[in-house]
Amino acid sequence: MTQVLWAKEAWKEAYNCYEMEMGFNGEIIQMITRLTSHLTSEVKGKVRPLVENIYGFESTNRESIKSRNRKPARQLMDKFGMCYRDLGNKKNNVPRSGLFWSRLNQQAANLLWYRNKKDEGVVFEKVFLPFPIPALALVYTAAECCIDEWYDSERVDISFSSGEYREAYDRHLTNLKKFHAQMKDHGILNSILTELNNNGRLHAKVDPINIGDKDCLSDDEINNMICEYQQVGGADDSDEVESDLESEGVDEAE
């Protein structure tokens, strides 16, 4: 049932985004749910080895290594630890740092959406500029599922299903949106997302999306304006402006 609700939400989102005038039906919902199942399987399959490599999880019979597996699993699951770049050190009063700058971000994005020039992050460049917040939330949710597998020191396979991890996804999505809203004036999350897309495009051997020079003022035009501003001292000489207007035959409206 949850997947059906997600499929309906996805279709409504596409409907609003592309201004379509086409309602969904059973065939469309079935197609979307099949793709959703494939997507969650693909995401977890590619995120799992990244999680194991970045955080050092290791399959073994040695108790010392099992204990070492257990510690990061608990740290990462404590208050969204997997979203930080550095977990800090509680014993030494070193706080966590790098919220939403996790090393997982770029590596997962590259594998999932920027493998080559034909991948989604390149083909649908308007959707991925900047990198979508829901996509990053999905990465963190998949990482949470993979960390759950190591929570008791030995990996136990856990299904990454929408029913089991819908709430986790919603929490990550809410955190990202809340962070974005509160830091909007500073542009922090937007900077992170833009960098994810730019680096992803480079990984796919595609140039980052930049506004062309022809669409902007030239360097000469800007330099001329700087010289002009310096010559008049930056003053707003209203008398000179009025004089110029009068000389051009522009009269004040009565």
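Scroll up to find the structure.
From a predicted model like this one, the values you see are computed outputs, not experimental measurements.

So, how was this worked out
- Residues numbered from 1 in each chain as written.
- Predicted model: local features only at pLDDT ≥ 70, side-chain atom pairs only at ≥ 80, totals over all residues.
- Heavy atoms only, no water.
- Helix = DSSP H or I, 4+ residues; strand = E, 2+ residues; numbered from the N terminus.
- Buried < 20%, exposed > 50% of the residue type's maximum accessible area, 1.4 Å probe, protein only.
- Contact = heavy atoms within 4.5 Å.
- Axes fitted to C-alpha atoms, helices over the stretch in contact; angles between N-to-C directions.
- Parallel < 35°, antiparallel > 145°, perpendicular 65-115°, else oblique.
- Nonpolar A, V, L, I, M, F, W, Y, C, P; charged D, E, K, R; others polar.
- Disulfide = S-S within 2.5 Å.
- Phe/Tyr/Trp six-rings, centres within 6.5 Å; stacked < 30°, edge-to-face > 60°.
- Lys NZ or Arg CZ within 6 Å of the ring centre and 35° of its normal.
- Core = buried A, V, L, I, M, F, W, Y, C linked by side-chain atoms within 4.5 Å.
- 1 Å grid on protein atoms, 1.4 Å probe; cavity = no way out; pocket = protein on both sides within 12 Å on 5 of 7 lines; lining within 4 Å.
- Points joined across faces, edges and corners; volume = space filled by probe spheres on them.
- Salt bridge = Lys/Arg side-chain N within 4 Å of Asp/Glu carboxyl O.
- Expected span 1.5 Å × (residues − 1).

1. Observations regarding the overall build of the protein chain
Turning to step 1, where the next piece is worked out: In terms of regular secondary structure, the protein chain is built from 10 helices and 2 strands.
Turning to step 2, where the next piece is worked out: The helix and strand sequence of the protein chain, counted from the amino end, reads α-α-α-β-β-α-α-α-α-α-α-α.
Turning to step 3, where the next piece is worked out: Going through the 254 residues of the protein chain one by one, you find that 31% of them count as buried.
Turning to step 4, where the next piece is worked out: Put simply, of all contacts in the protein chain between residues at least 6 apart along the chain, 62% involve residues at least 24 apart.

2. Digging into the packing of helix α4 (residues 104-113) against helix α6 (residues 133-148)
The relative placement of two packed helices is expressed as an angle between their axes plus a distance between the axes.
Turning to step 1, where the next piece is worked out: Where α4 meets α6, the axes come as close as 10 Å, and the angle between the chain directions of the two elements is 105 degrees. By the angle class used here, α4 and α6 are roughly perpendicular. Residues Leu 104, Asn 105, Ala 108, Leu 112 and Trp 113 of α4 touch α6, and the partners they reach there are Ala 135, Leu 136, Val 139, Tyr 140 and Ala 143.
Turning to step 2, where the next piece is worked out: In terms of residue class, the contact of α4 with α6 is built from 9 nonpolar, 1 polar and no charged.

3. Focus on the state of the cysteines
Turning to step 1, where the next piece is worked out: Per the stated rule, a full pass over the model turns up 0 disulfides.
Turning to step 2, where the next piece is worked out: Counting only cysteine sulfurs, Cys 146 is the nearest neighbor of Cys 145, a cysteine outside any disulfide, at a range of 5.5 Å.

4. Comments concerning the packing of aromatic side chains
Turning to step 1, where the next piece is worked out: Under the defined criterion, the tally for this structure stands at 9 aromatic pairs.
Turning to step 2, where the next piece is worked out: Ring plane angle 80 degrees and centroid distance 6.0 Å describe the contact between Tyr 114 and Phe 128, whose orientation is recorded as edge-to-face. Of this pair, Tyr 114 sits in the loop between α4 and α5 (120-123) while Phe 128 sits in the loop between α5 and α6, placing them 14 residues apart in sequence.
Turning to step 3, where the next piece is worked out: Aromatic pair Tyr 114 and Phe 131: ring centres 6.4 Å apart, planes at 35 degrees, arrangement tilted. You can see Tyr 114 sitting in the loop between α4 and α5 and its partner Phe 131 sitting in the loop between α5 and α6, a full 17 residues away along the chain. Taken as a pair, Tyr 114 and Phe 131 share a single burial class, namely buried.
Turning to step 4, where the next piece is worked out: Three or more aromatic residues joined by ring pairs make a cluster, and in this case those are Trp 113, Tyr 114, Phe 128 and Phe 131.
Turning to step 5, where the next piece is worked out: Arg 74 extends its terminal NZ or CZ atom over the ring of Tyr 151, reaching a point 4.2 Å from the ring centre.

5. A short note on the nonpolar core
Turning to step 1, where the next piece is worked out: Membership of the largest hydrophobic core comes to 47 residues, with the highest contact counts inside it found for Val 47, Val 51, Leu 104, Trp 113, Tyr 114, Phe 131 and Leu 176.
Turning to step 2, where the next piece is worked out: Of all elements in the fold, only α2 (26-55), α3 (63-77), α4, α6, α7 (162-182) and α8 (188-203) reach the threshold of two or more residues within this core.
Turning to step 3, where the next piece is worked out: The element contributing the most residues to this core is α6, with 12 residues.
Turning to step 4, where the next piece is worked out: For Phe 131, the residues in contact, after removing those within four places along its chain, are Ala 109, Trp 113, Tyr 114, Leu 136, Leu 193, Leu 196 and Asn 197.

6. A short note on the layout of surface pockets
Turning to step 1, where the next piece is worked out: In this structure, the second largest pocket occupies an estimated 290 Å³ of space.
Turning to step 2, where the next piece is worked out: Contributing to the lining of the second largest pocket are Lys 71, Gln 75, Asp 78, Leu 87, Gly 88, Asn 89, Lys 90, Lys 91, Val 94, Pro 95 and Arg 96.
Turning to step 3, where the next piece is worked out: Tallied by class, the residues present in the lining of the second largest pocket amount to 3 nonpolar, 3 polar and 5 charged.

7. Section: the pattern of salt bridges
Turning to step 1, where the next piece is worked out: In this structure the tally under the stated criterion is 17 salt bridges.
Turning to step 2, where the next piece is worked out: Here Lys 46 makes a salt bridge to Glu 42, at a shortest N to O gap of 3.1 Å. Taken together, the residues Lys 46 and Glu 42, both in helix α2 and 4 residues apart, mark about one turn of the helix.
Turning to step 3, where the next piece is worked out: Glu 149 serves as the salt-bridge partner of Arg 48, at 3.1 Å between the closest nitrogen and oxygen. Note that Arg 48 is positioned in helix α2 and Glu 149 in the loop between α6 and α7, a separation of 101 residues in sequence.

8. Some points on α6
Turning to step 1, where the next piece is worked out: Taking 1.5 Å per residue as the helical rise, α6 with its 16 residues ought to reach 22 Å, and the 23 Å between its terminal C-alpha atoms agrees with that figure.
Turning to step 2, where the next piece is worked out: Extensive coverage of α6 is indicated by the burial of 14 of its 16 residues.

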